[in-house]
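In case you want the letters, here they are:
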Amino acid sequence: MGRSRCCVGGCSNVPGNGISLHTFPKEEKLRKQWIRSIQMTGSECSRAGWQGPSKNGSANAQLVCSEHFELTMFTMTTRTKWSLGLAYRTALKDEAIPTFFGDKIRKSNLDQVQARPVVRKREVRRILSDYNQKGQVDKSTAVTYTDAVPDLSPVNLGDMTANPPSTEFPVDAAELDMDMELDNSKRTVMQASCACPKCCVTTAVRGTQVNRRPPPIKRKTKGTETLLEHHITYSTSSTQCCDSDIADEKSLTPACLEVPPAPHLLAFPLPAPVLASTPARKKGRVVVESTLNKSFMADVHKQRKFLVFEDNLLELFNRCEMCHLPTKGKVCNVQGSAMAIKQVCECGHTRRWESQPKVRGVPAGNILLSAGILFSGCSPSKVLRIFDFINVLSISLSTFFSHQRTVLWPAIERVWTKCNDQLISVLLDREEELVVAGDGRSDSPGHSAKFGVYSMIDMHTGRVVAIELVQRATDSLRRCGLSLAEIITDRHLQIQKWIRENLPGTVHSFDVWHIGKAVKKKLLALSKEKDCNIVCKWMKSITNHLYWSAASSQGEEGSMIAAKWTSVVNHVQDIHTGHGDLYQQCTHGPLEPREWLKKGSKAAAKMEDILLNKRLCKDIKNLSTGFQTSTLESFHSVINHFAPKMTAYSFHGQMCRQYLAALHFNENVQRGKKISKNGKFNLKIVFPKYKDDFSVKFVNDEMTFGYVKELLDMCIEICGEKNKMSTPAPPPLTSGKRKPTKVEVTRCLGKNKRLKY
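Position labels on residues start from 1 in each chain and follow its written sequence. Confidence filtering applies because this is a predicted model: local features only for residues at pLDDT of at least 70, side-chain atom pairs given and counted only at 80 or more, and all residues used for totals across whole chains, interfaces and linings. Hydrogens and waters are ignored; side-chain quantities use all the structure's heavy atoms.

A. Main features of the packing of aromatic side chains. The criterion for an aromatic pair is that two Phe, Tyr or Trp rings (for Trp, the six-membered ring) have centres within 6.5 Å, with stacked assigned to planes under 30 degrees apart, edge-to-face to planes over 60 apart and tilted to the rest. Following the criterion strictly, the structure yields 13 aromatic pairs and no others. Taken together, a centroid distance of 6.4 Å and an interplanar angle of 75° make the contact between Phe69 and Phe74 edge-to-face. Accessibility assignment for this pair places Phe69 and Phe74 in one class, buried. Look at Trp416 and Tyr659: their rings are 5.4 Å apart centre to centre, the planes differ by 15°, and that puts the pair in the stacked class. Highlighted residues: Trp416 in helix H10 (residues 397-429) and Tyr659 in helix H20 (residues 651-668), separated in sequence by 243 residues. In this scheme, a residue with accessible area under 20% of its type's maximum is buried, one over 50% is exposed, and one in between is partly exposed, where area comes from a 1.4 Å probe on protein chains only. Each helix corresponds to a stretch of at least 4 residues labelled H or I by DSSP, and each strand to a stretch of at least 2 residues labelled E; elements are numbered beginning at the N terminus.

B. Structural detail: the sheet that holds strand S11 (residues 338-344). Pairing within the open sheet is antiparallel, and its three strands lie in the order S10-S11-S12. Whereas interior strands pair on both sides, the edge strands pair on one side only; in this sheet they are strand S10 (328-335) and strand S12 (350-354). For this sheet, the mean inter-axis angle between neighbouring strands, taken without regard to orientation, is 20°. Any two strands with at least two DSSP bridges between them are considered paired. Pairing of S10 with S11, which is carried by seven bridges, proceeds in the antiparallel orientation. Every angle, taken between N-to-C directions, lies between 0 and 180 degrees, and every axis is a line fitted to C-alpha atoms, over only the stretch in contact when it is a helix.

C. The arrangement of the side chain of Ser553 in detail. Relative to the elements of secondary structure, Ser553 occurs in the loop between helix H14 (539-551) and helix H15 (558-566). Setting aside residues up to four positions removed in sequence, Ser553 forms contacts with Met560, Ile561, Lys564 and Thr625. We call two residues contacting when some pair of their heavy atoms lies within 4.5 Å.

D. Layout of the pairing of strand S16 (residues 452-458). Burial runs high along S16: six of the seven residues are buried. As paired elements, strand S15 (residues 434-442) and S16 share seven bridges and run antiparallel to each other. By the bridge assignment for S16, Gly440 is matched with Tyr454. Taken together, the four bridges between S16 and strand S17 (residues 464-468) define a ladder with antiparallel strand orientation. By the bridge assignment for S17, Met456 is matched with Ala466.

E. Highlighting the side chain of Thr327. With respect to the helices, strands and loops of the structure, Thr327 is situated in the loop between helix H7 (310-314) and S10. Once residues within four sequence positions are removed from consideration, Thr327 is found in contact with Phe317, Asn318, Arg319, Cys320, Gln343, Val344 and Cys345.

F. Quick look at the pattern of salt bridges. Within this document, salt bridges are pairs made up of a side-chain nitrogen of Lys or Arg and a carboxyl oxygen of Asp or Glu, the two lying within 4 Å of each other. Following the criterion strictly, the structure yields nine salt bridges and no others. Note that Lys537 is salt-bridged to Glu595, the shortest N-O span being 2.8 Å. One end of the pair, Lys537, is in the loop between helix H13 (512-527) and H14; the other, Glu595, is in the loop between helix H16 (568-571) and helix H17 (602-611), and 58 residues separate them in sequence. Of the residues examined, Lys537 reaches a relative accessible area of 59% and is grouped as exposed.

G. Main features of helix H1 (residues 28-38). Of the residues making up H1, those classed as buried are Leu30, Trp34, Ile35, Ser37 and Ile38. Viewed along the axis of H1, the buried residues span an arc of 160°, placing them on a single side of the element. Of the surrounding elements, those touching the buried residues of H1 are strand S1 (21-23) and strand S2 (63-65). Comment: arc refers to directions from the helix axis out to C-beta atoms.

H. Up close: the packing of H20 against helix H21 (residues 706-718). Where H20 meets H21, the closest approach of the two axes is 9 Å, and the angle between their N-to-C directions is 140°. As the angle between them shows, H20 and H21 are arranged oblique. Residues Leu660, Leu663, His664 and Glu667 of H20 touch H21, and the partners they reach there are Gly706, Tyr707 and Leu711. When its residues are assigned to classes, the contact of H20 with H21 shows four nonpolar, two polar and one charged. Angle categories: roughly parallel below 35 degrees, roughly antiparallel above 145, roughly perpendicular from 65 to 115, and oblique for all the rest. Each residue is assigned to one of three groups, with Ala, Val, Leu, Ile, Met, Phe, Trp, Tyr, Cys and Pro labelled nonpolar, Asp, Glu, Lys and Arg labelled charged, and all others, Gly among them, labelled polar.

I. Structural view of the confidence of the model for the protein. Scored from 0 to 100, pLDDT records how confident the predictor is in each individual residue. Of all residues in the protein, 69% have pLDDT values of 70 or greater, and the mean over the chain is 74. Taken as a whole, residues 110-115 scores under 50 in pLDDT and shows 16 contacts with residues more than four places along the chain or in a different chain. Predicted confidence for residues 136-292 stays below pLDDT 50, and this span has 253 contacts to residues more than four positions away or in other chains.

J. View of the nonpolar core. Formed by 57 residues in total, the largest nonpolar core has its most connected members in Leu374, Phe375, Ile412, Val464, Phe635 and Leu711. Per element, the largest residue contribution to this core is nine residues, and it comes from H20. With residues near it in sequence (within four places) discarded, Ile412 still touches Leu374, Phe375, Cys656, Tyr659, Leu660 and Leu711. Throughout this description, the term nonpolar core refers to a set of buried Ala, Val, Leu, Ile, Met, Phe, Trp, Tyr and Cys residues connected via side-chain atoms within 4.5 Å.

In structure tokens form, the structure reads like this:
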């Protein structure tokens with residue numbers, strides 16, 4: 001069997017003399033890229049028809065030599081061993097692809113040939129000895145290894161990161177003798193030449209005193225940390241740098257030349273630098289902190305987040321990123337849902353990793369978690385209890401309330417004010433008269449409500465135009481310059497009086513649903529009496545007749561609505577003519593046989609008293625003939641999701657949850673109907689609890705939450721600022737009461753002791 005050779009066209013290298021052979025990758029996508037690259041090789045593309053290595057072919061057709069790969073395609077460990085002159089089995093990165101063919105093949109594993117290790121050690125000893133004796137270096141005899149230093153200008157910065165050039169340093173820490181003692185009071189000076197077009201001079205720079213073992217923690221060893229221009233930081237904590245050292249080096253070093261972090265690691269290209277803002281100083285060393293620019297802060301909530309287990313996360317820190325030696329990382333800081341991991345290696349390299357970016361010092365995940373809880377209308381205690389049950393680190397309840405008070409509430413108020421102003425401007429430009437429907441809602445069931453919320457909806461668009469925690473929501477509309485043509489409410493006497501006194505030019509109409517609900521409630525009570533069970537069969541027909549009386553009387557006077565309504569008393573007794581002057585007979589056609597009420601019976605007499613009530617007939621004249629408050633009742637059901645009545649909220653908490661409900665309702669109130677693939681509307685069958693039969697409804701499109709993006713953007717924008725609500729909270733209800741003394745509390749506890757069973 002012949003010796004293995006490279007399969008690239010025009011190349012017949014065999015292993016040895018710094019050349020290694022590598023097999024094709026198993027991944028199909030990467031394997032095809034290798035084949036396409038090799039098909040372009042050979043004289044006149046003689047390998048163009050090559051289909052790749054076969055499973056049963058010879059071994060020569062499945063190997064590619066190392067000369068066809070860039071240095072960056074080899075692993076960090078391989079390049080480190082090459083720089084130290086040590087024998088090591090070469091290994092490619094997983095994503096390596098051959099790119100060097102023809103005249104562009106790489107002739108050496110290093111950018112230049114290094115001197116023999118013995119000669120280099122001898123030269124290092126002689127230079128150090130001359131420096132200790134004379135106090136300076138003889139430039140004529142100093143050994144230098146020069147190479148082009150990368151240009152760190154903003155234009156060439158991206159090229160250096162993508163294809164970092166190789167850089168040599170004259171001193172190799174691994175080649176220094178362990179028994180050789182160095183004087184700490186004197187600093188080693190080496191000669192290095194700069195090939196940068198900005199300088200083109202030979203400059204003396206400070207050298208580095210390097211030990212094989214990492215220095216003790218308390219010892220302040222002066223080494224080198226690369227502080228590149230434009231806030232590019234490449235730091236290793238094995239060497240610490242004081243402010244005075246940096247100032248001295250700036251005076252000795254050209255603008256484009258910086259001292260590399262570790263001499264024995266720079267025989268191969270530098271890894272990609274870490275972009276950071278102005279480095280913070282802590283205890284004499286440079287600490288890399290991840291900061292956010294405005295564009296990143298605006299998109300921080302758009303990034304995907306994952307639920308990661310601690311053991312799986314720490315597996316990513318079991319190797320040093322510099323020397324690839326086994327190491328361990330441990331969680332060094334936990335702040336709510338954010339955490340930091342510190343990794344310390346025997347080589348002295350220290351790495352700190354943070355799981356979340358920060359928005360003005362606040363972990364982004366913490367503020368987004370608080371925002372997600374509030375903006376979704378959930379209970380914070382229940383959501384955080386879920387995280388506690390599955391042992392997921394999250395914020396505390398007090399942190400949520402702090403975020404809510406300083407960031408979330410002001411953000412909601414600003415977004416609602418902005419959206420409401422836009423809606424008001426549209427209403428001002430509209431030519432149609434403004435018709436609104438208003439209704440109140442208590443914050444708790446029963447007669448112990450603390451806050452009352454009154455909301456108003458534009459009947460033409462169905463959008464909420466005003467929300468107040470008092471029953472005077474029209475004040476905000478009048479302040480905006482809007483004049484009300486008609487307002488639709490329930491039959492509350494105080495509301496009637498207030499509108500009559502404060503809005504004399506506004507038509508006040510009553511909602512049909514509220515009156516029908518009151519009539520149905522009285523008829524249901526009558527049907528439970530003796531000899532009156534027949535009334536129950538007529539309840540639905542009477543309610544439908546009320547709706548018909550209002551809907552069929554548009555443009556007519558209220559007396560016509562009342563005449564149509566009173567005709568129902570004769571209709572249920574099978575009398576269909578002679579109802580009155582305005583409405584003389586029923587307009588329906590022939591009817592099916594049914595059970596009629598007997599004239600003069602107990603059920604007919606009591607039903608007549610309910611339907612012909614004097615106040616009821618007066619209010620029916622003011623029924624709304626064109627609009628109903630059903631949209632407003634739908635809005636109240638949305639409020640129940642964001643602010644349930646069984647939970648007590650503060651003044652600002654109740655107000656902001658009302659704003660959230662209004663933002664959600666206004667965005668989704670005019671959703672379209674969902675259409676199937678065949679172009680027909682989707683339908684669904686429901687069984688309402690208020691009737692025995694089923695109902696058919698259209699399926700609406702999915703809800704949208706565009707307002708949440710605006711809220712999150714506002715939260716990120718104002719996070720870290722001192723924000724306050726524009727509307728001050730009223731004093732609590734207990735502010736006027738006297739606080740009991742400790743003696744009175746003890747005496748009260750003694751009186752209320754209960755028996756123990």
